[in-house]
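# A closer look at the structure
Read off the chains here:
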Amino acid sequence: GRVDGQVKVQGYRIELGEVEAVLAAHPGVQKCVVLVVTGQLVAYWVSKAGDELSAQELRSWLAERLPAYLVPGRCVQIESVPLSANGKVDRSALALLTTKEETAVALVPVPAADSAVVAVLVGIVSEVVGVESVEVEANLLEMGVNSVGVIRIANRVEQELGYRPPIEAFYRHPTIGALAVAYEEYRSSEPAVVEAPKLSTELLREPEEREAFKKRRHGLRPEAPTQKQIQLATSQSDEALQQKYLERRSYRQFAQAPIALESFSDFLGCLRQLVIGGEPKYLYPSAGSAYPVQTYLHIKAGRIAGLEPGTYYYHPAEHRLVLLTAGVELEPEIHDPFVNRPIFQEAAFSIFLVAQLAAIAPLYADHSLPFATLEAGYMSQLLMMQAPASQLGLCPVGLLDFERIRPLFDLEVSHVLLHTLLGGQIESSAQWAPPATYDLALAQNDEREEGEL
């Protein structure tokens, strides 16, 4: 509804004029208008005389020239653009027009032998769309699958079938049938390979079994006696090296005294943006310098001096906290009861690293979420290394019901939670300098090292 033509769709801020400019550049389009109808971008166009342009052809044209989130979900052919009494486009009348929209995608026949593949795809798409089942020939864009949904479908297909459908191809043929055919073409063109043994998905739940599994250290590659090995030197003493390693560890217990705001400010300062030589700089890398990962916090009552309880956004360019929801306390039930809930109950604050996919998707499309996840990892490590200097401790956690508290952070649909940390003040003795006889190998098995990830 903004006068300047900027709208918000699927969490993205979009200039309708930008889409219209690309649409008008098609040689078969005489006039065009782009609107938002029921939360979806819809392109209306009038064809040039004698042109047989179809909706499918027009959508393919747009998909080749625009980021996925700017491609209209529907392309509608009309006889003429309705005008108001003062000669401007009558957008309300346009949205109600009886259209001549063609079926965007014809049903692609799927061989009966591929029924198992189709069943997998139906399950994936149904889960993303939020319905019990989806017809093989249904146009997924018209069912409301947005750009974030397209990425989720691509991620799931890659996990289940080992094939990642191109986003552009999906917009040209947004049906399960087309996905199945594309997968079969990919599989037939790939050279035969020996399949790797499937890993067991059974989780070890008994503490003794989990501890025994960790002690076997499967993450280390077995050494072959015949391989040449070169021992590397270190410039640090064993004691100095041990202390350095111990400074980076997880904490499960926190002091209940209020944290000084100055200490907390210094701690968050490791995420601060500085402008050097006219360019914004951070202490951690980001794909394409997009920096799409945002930092949100929840502060408990009375735990940080000078800060009222509630949810906050940390603004890295201004190095300030922006209050989002005042006075709110998070329910302990968002965490699992056995491991993380006791840590949360002692913690003074929670940190949520959230990707704003709208800030990176135009650059990296379906690679956006993996790149943002890497960035969240860099930020987490930086925070954990900075915390002890501010007399703070952190514990990374992964299992929590974020959807239950999502409204408290005023997020858009393109925001995705990547990682969470619980934190609080630690006593000076809790930093734990090891005794002279301390064995570094024991540190790797210290129970304070493990959070639930």
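Residues numbered from 1 in each chain as written. Predicted model: local features only at pLDDT ≥ 70, side-chain atom pairs only at ≥ 80, totals over all residues. Heavy atoms only, no water.

### Observations regarding the sheet that holds strand β5 (residues 74-77)
Taken together, 3 strands build an open sheet; the order of strands is β3-β4-β5 and the sheet is mixed. Each of the sheet's edge strands pairs with one partner strand only, and the pair in question is β3 (29-37) and β5. Strand-to-strand twist in this sheet, taken as the mean axis angle between neighbours without regard to direction, amounts to 25 degrees. As paired strands, β3 and strand β4 (residues 40-47) are joined by 8 bridges and run antiparallel to one another. By the bridge assignment for β4, Val36 is matched with Leu41. (Pairing = 2+ DSSP bridges. Helix = DSSP H or I, 4+ residues; strand = E, 2+ residues; numbered from the N terminus. Axes fitted to C-alpha atoms, helices over the stretch in contact; angles between N-to-C directions.)

### Considerations on the environment of His415
By the secondary structure assignment, His415 is in strand β13 (residues 415-425). Along the chain, His415 and Val293 lie 122 residues apart, while their C-alpha atoms are 9.1 Å from each other. The contacts of His415, once residues within four sequence positions are left out, are Gln294, Tyr296, Val354, Ala355, Gln356 and Arg406. Within the local environment of His415, its side chain forms a polar contact with the side chain of Gln294, the two groups lying 2.8 Å apart. (Contact = heavy atoms within 4.5 Å. Polar contact = N/O pair within 3.5 Å; in protein donor to acceptor, adjacent residues only side chain to side chain.)

### Observations regarding the packing of aromatic side chains
Two descriptors summarise a pair of aromatic rings, namely the distance from one centre to the other and the angle between the planes of the rings. Within the structure shown, the criterion is met by 13 aromatic pairs. Ring geometry for Tyr296 versus Tyr313: centroids 5.4 Å apart, planes at 45 degrees, classification tilted. One end of the pair, Tyr296, is in strand β8 (residues 293-299); the other, Tyr313, is in strand β9 (residues 310-315), and 17 residues separate them in sequence. In this pair, the class of Tyr296 matches that of Tyr313, namely buried. Measuring from ring centre to ring centre gives 5.1 Å for Phe352 and Phe409, while their planes differ by 65 degrees; the resulting arrangement is edge-to-face. Taken together, the positions of Phe352 in strand β11 (residues 349-356) and Phe409 in the loop between β12 (392-397) and β13 put the pair 57 residues apart, joining distant regions of the chain. No difference in accessibility class separates Phe352 from Phe409, as the two residues are buried. Chaining the aromatic ring pairs together yields one cluster made of Tyr296, Tyr313, Phe352, Phe402 and Phe409. Residue placement shows Arg65 over the ring face of Trp61; its charged tip is 3.4 Å from the ring centre. (Phe/Tyr/Trp six-rings, centres within 6.5 Å; stacked < 30°, edge-to-face > 60°. Buried < 20%, exposed > 50% of the residue type's maximum accessible area, 1.4 Å probe, protein only. Lys NZ or Arg CZ within 6 Å of the ring centre and 35° of its normal.)

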